[in-house]
Every structure is written in structure tokens, then in C-alpha cells.
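What the coordinates show
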Amino acid sequence: MTNADLPRQKVDRAEVFIEYTKSICPVCKVVVDARVHVRENKVFLWKRCREHGSFEALLYSDAELYFDSLRFNKPGTIPLETQTAVERGCPLDCGLCPDHQQHSCLGSIEVNTACNLDWPVCFADSGHQPDGFSLTLAHVESALDAFIAAEGDPEVVMFSGGEPTIHPHIVEFVQLATDKGIGLVTLNTNGIRLAHDRRFVAALAAIDPKPRIYLQFDGLEEATHHKIRGRDLRAAKAAALDHCAEFGLTVILVPAVERGVNEHEIGPIVRFGMAHPAVKGVAFQPVTHSGRHVPFDPTQRVTNADVIHALADQLPEWFRVSDFVPVPCCFPTCRSITYALVDGDQVVPLTRLIDVEAYLDYITNRVMPNPDVRQALEKLWSASAFAGSRPTDAHFDRLGCAACGIDRPAVLDALAEKVFMIVTQDFQDAYTLNVKQLMKCCVEEITPDGRIIPFCAYNSVGYREQVREELSGTAVPTLVPNSVELQPVLITTRYGSKTVADGNGTRPASRDSTNVGKGLR
Amino acid sequence: MTERHLVGSAGPETLKACCAAAYETDAVALLLGDSYHPGGLTLTRRLARALELRPGQVVLDVACGPGATACLLAEEFGVHVDGVDLGTSSLARARARAAERALDDRVRFHVGDAECLPFDDGVFDAVVSECAFCTFPDKARAAAEFARVLRPGGRVGITDVTLDRTRLDPGLATVAGSIACLADARPASEYAALLADVGLAIVVSEPHDEALAAMIDQIENRLRALGIVATEGVGFDLDTILRYTAAAARAVADSVAGYQLMVVSRPAAKPTTTARTMPRRATGPGAASGGS
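Residues numbered from 1 in each chain as written. Chains lettered and ligands numbered in written order. Predicted model: local features only at pLDDT ≥ 70, side-chain atom pairs only at ≥ 80, totals over all residues.

1. Some thoughts on the packing of helix H2 (residues 137–151) of chain A against helix H3 (residues 170–179) of chain A
Residue and element names in this part refer to chain A. It is at 10 Å that the axes of H2 and H3 come closest, and there the two elements cross at 30°. Between H2 and H3, the angle falls in the class roughly parallel. Seen along the crossing, H2 lies across H3 with a hand that is right-handed. Of H3, the residues touching H2 (which contributes Leu137, Val140, Glu141 and Leu144) are Glu172, Phe173, Leu176 and Ala177. Counted by class, the contact of H2 with H3 contains six nonpolar, no polar and two charged residues. (Axes fitted to C-alpha atoms, helices over the stretch in contact; angles between N-to-C directions. Helix = DSSP H or I, 4+ residues; strand = E, 2+ residues; numbered from the N terminus. Parallel < 35°, antiparallel > 145°, perpendicular 65-115°, else oblique. Left-handed = near helix turned anticlockwise from the far one by under 90°. Contact = placed C-beta atoms within 7 Å. Nonpolar A, V, L, I, M, F, W, Y, C, P; charged D, E, K, R; others polar.)

The following block contains the structure:
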């Protein structure tokens, strides 16, 4: 009997189809239809470009957690103003356009493209470059004014870059944002100037309220520093942290987590942070494959689920997977947070004290025991929360009373002081971009021309290149992710990032390759 | 678990009053939060579904505490609820909760003793009692009272601590004797036998040991959190108490202690359609306080 004699058998697909959405081609950035599916308990995004073929990327490496997270989703808030009109559809109208589903919890202003390092990994594609830009005070003021017009009472402004601390006017920028009444001003830095310039740290600390420091901090091992940052920066990080402690600046450590590089350091970084007097939290970010980065496999990338599992595996005496609760203000798979009370080796996650899930589940939970507790938890589980800042501490005080039965003021002071925050935030890139998530984004890039562009759209759709070109006056190629499968067509840009040979001048097309503007007949 | 020491030598009346008082203290609120029984409101909903409650039915909540269950049953299942408890301050909080939710026309609370319920025979469609049966000194009498106030075909829903005293760690056994909810907890089979003796037949019996484990975990974490934030000491020997919670957690892991959901039913009488009426409040010795 030969194969030809056998009756033909139908076979099942390897994936469970979940939903239909939109994304972009990672090469030409044209908008394409996309599918989300599950294979072997992992969630993937699949899409096809008419010109460049099909692409698949890992969204979440634990399907069960992914689906459980979906109930942590709340109605968005409409900003006071939007800056653009709906013309071409998401993600080509940023922004924000009236179709966007959420206001901005955090606005980031990139003040320059220059950096005192040339790291192998940089989503902003910064470095010692002659053709970048450096914002003026007028630029920053117009960006802040646009943000205030949109938000009324903005929660957080982050100054980033480039490396913002080497901008000659950065202290004035921070002062300006503070004077304009921004609730919390943060500085996103590699820490080198903080390590070497005590007077600079003192100048920042003299601003009232003090700005908060987002310190890039990828690990405690020398090898990690070499792989991600190109040199051993451990001494500089230590000096920066000590200066911050000396002048009372509170710090969140921000590790970029890359597969096979520093996943094993996730637990040790938390342990280190808890022991340092300046550090109030850690914000893990799976490496964003935008800008400049090492070659990667999009189906093997690190996701929030990997960070959460790694923490539970590496610090089992302190944390469980269930201690991390998705943030309901943005799309819930983008960011998860936990808080813990910490005193030496004693660590008690907040989720063990209060049923946080019951308060932040807006979909299946029908009875709300206490609206005050929910409001406080909403603020703590958001992109604007920053442990060690006045607004966030105040929310903890409210919780202490309402949820834990603790009502003595002395105890409450101790409570906020002993809180440690752990965040994992997975930013989207040109491979993983899902407009469903993007439309609910609450972390935005504010540009000097007054646009408020969701951070993940800014990095992957072409807005970053557009803004850099406008501000620097030099042509900027469309960047393409440095994925293993695209290596044959990639060439290196003058900034170290990648593009394709014919990519110069390629811009997002307004035309979808499927399903746009045509009926069947 | 309580600020007052409940010693084994206390008489039944003292124990009941003590137990009710203990559940009213701030220390208990601190440790147990909103949920006064393992499984919280999630398990309450499961119990309500197992009782097959229908809108308009009349339910008795025995040892109702501050009224969370009574209000939930009224809001989500559309039933009328009478709650009884021995703790007057719990009852005051329960009435305030019902009033706040505009449920005071459907949810009423009374001072009352489980062993001498202030209600007429056969007036309730269902009786619920969460984490309380184990504390009743005369369980046979309480079971008989449940059966008495239930209409034919009505159901009793109980969730409670189970304990196999023969396998209990000796260190914990000493403490267990002084903790209200463990002092007289029994294996699930004994509860079933007590209920069967008064003619209540098992419909559902399912273990929820994980709910007890989660509650012990929460208590332990709240104690540790208190240790972290209390700058001037916590007022008791934290390490000793944490050793007890660890022993309790082991007891649950080893299936020595657990938590059981049981639904039992009173046999139906000859099929008639009975008019639904609100139970008439009796004038027994325990019914000093009426509803709103």
C-alpha cells in the first residue's frame, strides 16, 4: 500500500486563533492586518506585508497570564484636548487623535540626541553624533504647554534623551516643569553625570519638590554591562546612587532585560535595590527592539511574563507570580506592578494584605467593597506611580487606613517609607505593535511642535525619524529592527541602528494592503 | 487570633459571648480585612449558587457578623435576608451597611442565638452559616434549630473549618484550644452526621482547603506587615504568633485542618405551593432587638 492509496486526512493548525487586529510591516512600516494566536501556551502576533512577507513575534510567553490579565482594564479618560484629526487611521494620525482611548499618565520629552556613551542597545539611537538636535528652553516650554493644555493637571513629565543630564540647560528644564505645576518630574539617565558631578546632583536636589531619578541599571555583573552597554559601568552606577542618597534624590532602577544576557539578574537587582537607601523601586523593561539593539529572534524575545516568572523563581521567599497585577489604565498586557513592604529581610507584598485583584478587575467583579480603596489602588497601579514621591505616598496613606486597618499617623509615615515598587513594562516595537494596545497607551512622547505621541508608535511607526529629521535638519533613514531573519537585507546606519538598502526615505504609507476602502462589488 | 484569651475552661455561654466579642475587635478587622471567613465573598457566591437561591426567597444568616454576606445575597440574588448575631456592635455595623446600600427594606438584623433562634418554624427558604457552626458549643441543638426554622424542601448552606484533632501537632493543639474557631472544629463527616441526625441530607459537600490556606497566609502577612511598620513594637510576641501561623499552614497542607462547603436539605413535604411571607419575628429571649 502506498501513500497515494491512503484517504487524505485533514490536519489541525498548530495555533489557536484568537483575534484579528492591525499592525505594521517592520520593514516598510505600511499598515497591515494582523492576527493574534496561541501556540504552546505562548501568545504571538502574525502579519503579512504584500512587499516583505510574513512576520511573527512573541507578545506574551504565558498565555494563561495573558488572558487572565484582560479583566484588569478600565474605561479610558478623555483628555481636555487632542492635537490631530482622524484622517488615515491608527497608527498614522498621532497624536493624540480623537480616536485614542486614553489620556496621558506620563509625558516624556527627549531633550537631545547626544549621549556620553555609544551603547550597543539604545531605543533612541543616541550617541556621540554630530547631526542630532538639542532642544531650547522655548521648545521645552511649548511641549510642556501642549501637555498642560491636554491634561489640565499633568501627573508626570519625564525628561529623556539622548542623555538629558548632558544638556546644558537640563536643570532649567526641570525647574520650568516644576514651576508649571507638573505633579512629578523625573529624569531618565545613565547616571554618569550623577556619578561624577556632585554639584549637579545638589542643583537637582535644590528644586522643590525634588525630581525623581530613573536610573538605567541593567545588572550587577560585568558581563551584562559589556553586552548591553559596551563597558563596565558598575562603579559609575554605585557612585551615582550614593550621590542620590546623599542629597535625598529617590531612584527607580531601570534594567533593560534581554534574552540570554541578564534574565538571571532580575532577582539580584531587586535584592540590591531594596538594600540601597536611595532606591525605591525597580522598573524592568524587556529590551525594546527599536532604535539600536543586538540581533534578536522576535519569537524568542523577553516579555512581561518572563520577567514575572523570573522574579518568582529567583526570589521565591518573597514573591509569587500572583503578586503582580496588570495596570488597568493602559492596555493590561503592557505593564504589571507589585508593591512590597520591606524591612531588611522582611518583605511583604501588598497583594498579600489587600485583595488588589478584586479592586482592579473592572470586567468580572460586580460588587465594589470600598471606592476609596479602589481609587488609591488605581493611582498606585498606573504609569504615573513612582514610589517615594509625594503623590504616590499619599495614596499609600489612604490605603493604610481603608484596607489594612492601620490608622495611626506614625505608622502610616513608616508605611510609605518602607514601600518598594516593582514594575515590568513591555514597550512595543515594529514587530510586536498591536494597534489594540496602542490605542489605550498612556505613556507618550511630547514633541516641541505640540504633538503627544504614544511612546510605542513614536519608536516603531516612523515618528521618531520624522521628528529627528525636522529638529536636526538632516535626513534620517527609516529604522528597521535588527532581527535575525532580516539580516540579509539590513545595512547599518551612521548611528549604529539598521535600515534596509532602499529604506532611505521610506515613509509610512497611508494605504493598507488589505481591507481598506473597498467593498466586495 | 483574639485580643482576649479564650480559655478552654470557659463555660459555653462565656465562650459564645467571648467569640462574638472577639470578632468585633479592631485586631480581628486588621488581620482578616473585609472578609471574615475563608474564601471571602467568592466562596459566599459559590455557596449561594449551591443553595439555588431565587429572587424573593427568604434567607436566614446565622452569625452574620457585620453583614457583608447578607447584603451580597440581597444585592446579587434578590433575596430577603434576616441576619442574627450575638455581637451588638457587629449588628450596628451590619445595619449601617444595609442602610448605606438602601437594602434596609430587604435585609434586617437581630440579636439572636444560633441555639435558640428567634423565629417561628418553617419560615425560611434557606439558612446560611459561614465559619460559625464550629464555634457553637451545642452543635446538635444548633442543627435542630436550623432544621426547625427551615421550610420543607429548604436548604442549609454551611462553610466551616474542619479539624482532625487526632492528627493535630501537639504544639498547635494547645493553641487551638484557645482559638475560638478551632476549639471545637470537627471533621467534615461529623458535621454531616450532626446534620443528618436532625433530618438534613447532604446535597453538596466539597473541600475548599485552599481558602483556609489563603486566609492563614493573609493573617501571617498582615502580622509581618505590622511588624515592619509598627515603629514602637506591635504589643505582642510576633515571633511566637508567626510560629503558630506556620504550624497552622502545615496542618492545612497535611489535610489535618481544612475548610468545607456543605449544602443539606430538609425533605420536601407533600407538594403544595406555599405563599412566601417574611418570617414573623418571635418574642424569644434572644430577640431583644428588631430590624429597622
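2. Observations concerning the packing of helix H3 (residues 40–50) of chain B against helix H4 (residues 68–77) of chain B
Geometry of a packed helix pair, given as the angle between the helix axes and the separation of the axes. All names here are of chain B. Put simply, H3 and H4 touch, their axes get as near as 11 Å, and they point 55° apart. By the angle between their directions, the pair H3 and H4 is classed as oblique. Crossing handedness for the pair H3 and H4: right-handed. Between H3 and H4, the residues in contact are Leu41, Thr44 and Ala48 and Ala68, Thr69, Leu72, Leu73 and Phe77, respectively.

3. A look at the nonpolar core
Of all hydrophobic cores here, the largest spans 158 residues; its most connected members are Val157, Cys244, Val251, Leu253, Val419 and Met421 of chain A. Tallying contributions element by element places H2 of chain A first for this core, with six residues. Non-local contacts of Cys244 of chain A, meaning those with residues more than four positions away in its chain, are made with Leu194, Val201, Ile213, Leu249, Val251 and Ala278 of chain A. Counting residues in each nonpolar core, the second largest holds 67 residues, with Val62, Leu195, Ala211 and Met262 of chain B among its members. (Core = buried A, V, L, I, M, F, W, Y, C linked by C-beta atoms within 7 Å. Buried ≥ 20, exposed ≤ 12 C-beta atoms within 10 Å, placed from the backbone.)

4. Regarding the confidence of the model for chain B
Residue and element names in this part refer to chain B. When pLDDT is averaged across chain B, the result is 81; 74% of the residues are at 70 or more. Of all helices and strands in chain B, the one with the weakest mean pLDDT is helix H1 (residues 12–22) (51), whereas strand S1 (residues 58–62) scores best (97). Overall, residues 282–292 carries pLDDT values under 50, and its contacts beyond four positions in sequence, including any with other chains, amount to 28 contacts. For this predicted complex, the interface confidence score (ipTM) comes to 0.70, while the overall pTM stands at 0.83. (pLDDT = per-residue confidence, 0-100.)

5. Observations regarding the sheet that holds strand S3 (residues 42–49) of chain A
Residue and element names in this part refer to chain A. Pairing is antiparallel across the open sheet formed by four strands, whose spatial order is S1-S2-S3-S4. Unpaired on one side and paired on the other, strand S1 (16–24) and strand S4 (53–60) mark the two borders of the sheet. Direction aside, the axes of adjacent strands within the sheet are offset by 25° on average. (Pairing = 2+ DSSP bridges.)

6. So, the sheet that holds strand S4 (residues 124–130) of chain B
All names here are of chain B. Sheet architecture is open: seven strands sit in the order S3-S2-S1-S4-S5-S7-S6, paired in mixed fashion. Only two strands of the sheet have a single neighbouring strand rather than two, namely strand S3 (107–111) and strand S6 (201–207). Put simply, the sheet's adjacent strands are angled 15° from each other on average, direction ignored. Here five bridges tie S1 to strand S2 (residues 80–85), and the two strands are oriented parallel to one another. Residue pairing across strands places Leu60 opposite Asp82, the latter belonging to S2. Packing of helix H6 (residues 139–149) onto the sheet brings it into contact with S1, S4 and strand S5 (150–163), and relative to S5 it is tilted by some 150°.

7. Section: helix H11 (residues 371–380) of chain A
For H11 of chain A, the set of buried residues is Val373, Ala376, Leu377, Lys379 and Leu380 of chain A. Projection of H11 of chain A onto a plane perpendicular to its axis shows the buried side chains occupying an angular sector of 160°, all on one side. (Arc of directions from axis to C-beta.)

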